[in-house]
Amino acid sequence: MSEHQRFMASALKEAEEAFKKNEVPVGAVIVRDGVVIARAHNQVEMLQDPTAHAEIIAIGAAANHLGSWRLKGCTLYVTLEPCPMCAGAIVLSRLDRVVFGAYDPKMGACSTLYNVVQDERLNHRVEVIAGVLDEDSKILLREFFEKKRQTDGR
């Protein structure tokens, strides 16, 4: 198992926690020097906060851990391609790299619909590695939304 796969597996555990809490199953971890310094999963429903995405929570936790909003030398691992809000936070926090699992055809802002994190007009650009353990992420998301449709009767 590669280093990227190992850390994505950790993000997937966070996504599974979100699933158990009836949150869209997205998980994230932030790594610096080979050590996880922050971990999070979606908490939008629990907190009733539309900004409580796994990436935003993890970025805040990493900044708190480091005592700095500049996350230079850090990599974000997230199970689903970040949305525009999260991509903006990734750029603003100066992360070096984002590694994601599944592409997001509806909101993806790291290559699919937009590429905010590599936009040359911005003052910081982020390396992107896509598709790491993407099938695992897709399966979890598919199961969540199938369950949700059954429960909601849609």
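Values in this document were obtained by computation on a predicted structure and should not be read as measured data.

Parameters at a glance
Residues numbered from 1 in each chain as written. Predicted model: local features only at pLDDT ≥ 70, side-chain atom pairs only at ≥ 80, totals over all residues. Heavy atoms only, no water. Core = buried A, V, L, I, M, F, W, Y, C linked by side-chain atoms within 4.5 Å. Buried < 20%, exposed > 50% of the residue type's maximum accessible area, 1.4 Å probe, protein only. Helix = DSSP H or I, 4+ residues; strand = E, 2+ residues; numbered from the N terminus. Contact = heavy atoms within 4.5 Å. Pairing = 2+ DSSP bridges. Phe/Tyr/Trp six-rings, centres within 6.5 Å; stacked < 30°, edge-to-face > 60°. Lys NZ or Arg CZ within 6 Å of the ring centre and 35° of its normal.

Give a detailed account of the nonpolar core, specifying residues and quantitative values.
Membership of the largest hydrophobic core comes to 29 residues, with the highest contact counts inside it found for Ile30, Leu71, Leu76, Ile90 and Leu95. If you list the elements that add at least two residues to this core, you get β1 (27-32), β2 (35-41), α3 (54-66), β3 (74-80), α4 (84-92) and β4 (97-102). Take this core: its biggest share by element is five residues, from α3. Not counting residues within four places of it along the chain, the set of residues in contact with leucine 95 comprises Ile30, Ile59, Leu71, Cys74, Thr75, Leu76, Ile90, His124 and Val126. By size, the runner-up hydrophobic cluster in this structure holds ten residues, among which are Phe7, Ala11, Val132 and Leu133.

Outline the pairing of β1, supporting the account with residue identities and numerical values.
Burial analysis of β1 places five of its six residues in the buried class, which makes it a mostly covered element. Pairing of β1 with β2 involves six bridges; the strand directions are antiparallel. Within the sheet, the bridge partner assigned to valine 29 lies in β2 and is arginine 39. Counting the residues that bridge the hairpin from β1 to β2 gives two residues, and of these aspartate 33 lies at a positive phi of roughly 55°. Where β1 and β3 come together, five bridges link them in antiparallel fashion. When the bridges of β3 are listed, alanine 28 appears paired with valine 78.

I'd love a proper account of the environment of aspartate 33, names of residues and values included.
Within the element layout of this structure, aspartate 33 appears in the loop between β1 and β2. Put simply, aspartate 33 and glutamate 23 are ten residues apart on the chain and 30 Å apart in space, counted from C-alpha to C-alpha.

Talk me through the packing of aromatic side chains; I want residue IDs and the actual numbers.
Within this structure, the stated rule accounts for four aromatic pairs. Between phenylalanine 7 and tyrosine 77, the ring centres sit 5.4 Å apart and the planes meet at 45°, which makes this aromatic pair tilted. One end of the pair, phenylalanine 7, is in helix α1 (residues 3-20); the other, tyrosine 77, is in strand β3, with 70 residues separating them in the sequence. On the accessibility criterion, phenylalanine 7 (3% relative accessible area) is buried. With a relative accessible area of 2%, tyrosine 77 lands in the buried category. Of the aromatic side chains, those joined through ring pairs into one cluster are Phe19, Phe144 and Phe145. In this structure, arginine 6 is placed above the aromatic ring of phenylalanine 7, and the distance from its NZ or CZ to the ring centre is 4.4 Å.

Note that every value here comes from positions in space, so none of it alone points to a role or purpose.
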